[in-house]
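Below, each chain spelled out in residue letters.
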Amino acid sequence: MSLGLRLYRAATTAASPFLPWWLARRMRGGKEIEARLSERYGIARIARPAGRLVWVHCASMGETMSALPLIGALAVHANVLLTTGTVTSAELATQRALAIHQFVPLDVQAYVARFLEHWKPDAAVFLESELWPNMLTGLDARGIPRFLFNARLSARSAARWKRFPKVANEVFGGFAVIAAQSRHDAAALRGLGLREVESWGNLKFAAPDLPDNEAARAALNAACPGPWLLAASTHPGEDIPIIEAHGALTRLHPSLTTVIVPRHPHRAEAIVDLAHRFPLARRSRGEMPVPGGIYLADTLGELGLFYRLCPLAFIGGTLVPVGGHNMIEAAQLGCAVVIGPHYENHFEAMKTLHAVGALVDVIDFMELEATLARLMSNTARLAEMGAAGRSVCEGFADLPQRLARRVIEAIP
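In short, a report on the structure.

What counts, and at which threshold
Residues numbered from 1 in each chain as written. Predicted model: local features only at pLDDT ≥ 70, side-chain atom pairs only at ≥ 80, totals over all residues. Heavy atoms only, no water. Helix = DSSP H or I, 4+ residues; strand = E, 2+ residues; numbered from the N terminus. Buried < 20%, exposed > 50% of the residue type's maximum accessible area, 1.4 Å probe, protein only. Contact = heavy atoms within 4.5 Å. Core = buried A, V, L, I, M, F, W, Y, C linked by side-chain atoms within 4.5 Å. Pairing = 2+ DSSP bridges. Axes fitted to C-alpha atoms, helices over the stretch in contact; angles between N-to-C directions. 1 Å grid on protein atoms, 1.4 Å probe; cavity = no way out; pocket = protein on both sides within 12 Å on 5 of 7 lines; lining within 4 Å. Points joined across faces, edges and corners; volume = space filled by probe spheres on them. Nonpolar A, V, L, I, M, F, W, Y, C, P; charged D, E, K, R; others polar.

**A short note on the side chain of Ser89**
Inspection of the secondary structure puts Ser89 in helix H4 (residues 87–96). The class for Ser89 is buried, based on a relative accessible area of 0%. Here Ser89 is in contact with Ser60, Met61, Thr64 and Thr84, once residues within four sequence places are set aside.

Structure, rendered in structure tokens:
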């Protein structure tokens, strides 16, 4: 074991007396569930089921959503244990009931040992980029094969790992298979000295469609005949351009209804103030929109409804330097996608959708308004973009099964 990992192990052990205080603070902030805090110490709530068991770890909601088809494919051949680190991802896991769910233990050697000794996984699958050194070395010590799927590595993370090449080799070199989510990520991983890095595509393209609410969608269509425009997952600095665009577009399309879904619903009051010139209805209050007005969807978990309702969607976090949000979810449901210049977190997804004509990127709010106006006046173009996005997503349908096969083949 390298000096870097030995120092990490010593530091996490030394920090362990302070972790109950840290978890209690997280619990007060709604980030932990009191009845399940023991899982963070590696204590399981239920017995290990008999037979083969594959452990899948996802950091949070996004990774969990993309892992669902993979979990389903694995569940055909083995029991599946899913660990996550957030309350929302735990709720999703409970709803889908595809796997046993446990919160991931904190990366302290004693907690990790307790977790692994109880579950005794036959294989371990990690999604994207959350890797815990004590957990990985614990797997290696027990001869449990580990896999890294949908791997991604930003330029900043790659630069950090290159400063500690021995640690990087121990962390990444022990994976039986590394399947990067893009050629760009595969190249970054190979830059760490890893030769066996595969690029099979992004699991997010194979994720299940976001859920719908058909009754609510029918009611909204009855209230407002359209057209509809969606601004999804907006951040401060993006609401004003969308509201201004709404004003300009209603001169061309008087019955236009613009839906704003803020990334964080607690910003609703601020958006109400910004949109005071227009009729505005709030979904959280059960209000219905009116043609020509703005509909503030200040709720959670309803993007699937609005992607189906609106043929054109601007994806937030891209007009301001946030790095963007998941644009694949919109493309899967046939939305024409528009984004700003800040899509660093979804670079390869953007390139894939752009290449097939499913997405348009703009450089600023002025180009955004002009692009939205052009697309809203061309319903044939919107339909073509939507069909192209749906088609490229369908091309990844067999990816979860292919990845699952690699895992199952490694289990004796």
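**So, the nonpolar core**
Ranked by size, the top nonpolar core spans 69 residues in total, and within it Val56, Phe306, Tyr307 and Met327 carry the most contacts. Looking at this core, the element that brings in the most residues is helix H3 (residues 61–75), giving seven residues. Setting aside residues no more than four positions away along its own chain, Met327 makes contact with Ile315, Val337, Ile339, Tyr343, His346, Ala349, Met350, Leu353 and Leu359. The next biggest cluster of nonpolar side chains, apart from the first, holds 33 residues, and it includes Ile100, Ala151, Val167 and Ala186.

**Looking at the environment of Leu312**
Looking at the secondary structure, you find Leu312 in strand S12 (residues 312–315). On a C-alpha basis, the gap between Leu312 and Gly334 in space is 8.9 Å, while along the polypeptide they are 22 residues apart. Not counting residues up to four positions away in its chain, the partners in contact with Leu312 are Leu229, Leu230, Ala336, Val338, Leu372, Leu375, Met376 and Leu382.

**Concerning the sheet that holds strand S9 (residues 257–262)**
Taken in spatial order, the seven strands make up an open sheet running S10-S11-S9-S8-S12-S13-S14, and their pairing is parallel. On the outer flanks of this sheet lie strand S10 (280–282) and strand S14 (359–361), each paired with one strand and no other. In this sheet, neighbouring strand axes are inclined to one another by 20 degrees on average, regardless of whether the strands run parallel or antiparallel. Relative to strand S11 (residues 294–296), S9 runs parallel, the two being bridged by three bridges. When the bridges of S11 are listed, Thr258 appears paired with Ile294. Helix H11 (residues 239–252) rests against strand S8 (228–234), S9, S11 and S12 of the sheet, and its axis sits at about 175 degrees to S9. Docked against the sheet, helix H17 (residues 379–394) engages S12, strand S13 (336–339) and S14, running at close to 90 degrees with respect to S13.

**A short note on empty space enclosed by the protein**
Counted under the stated rule, the structure contains four cavities of 30 Å³ or more. Of the voids in this model, the largest cavity is the one considered here, and its volume is about 70 Å³. Breaking the lining of the largest cavity down by element, the ones donating at least two residues are H3 and helix H14 (328–332). Taken together, the residues that form the lining of the largest cavity break down as five nonpolar, four polar and two charged.

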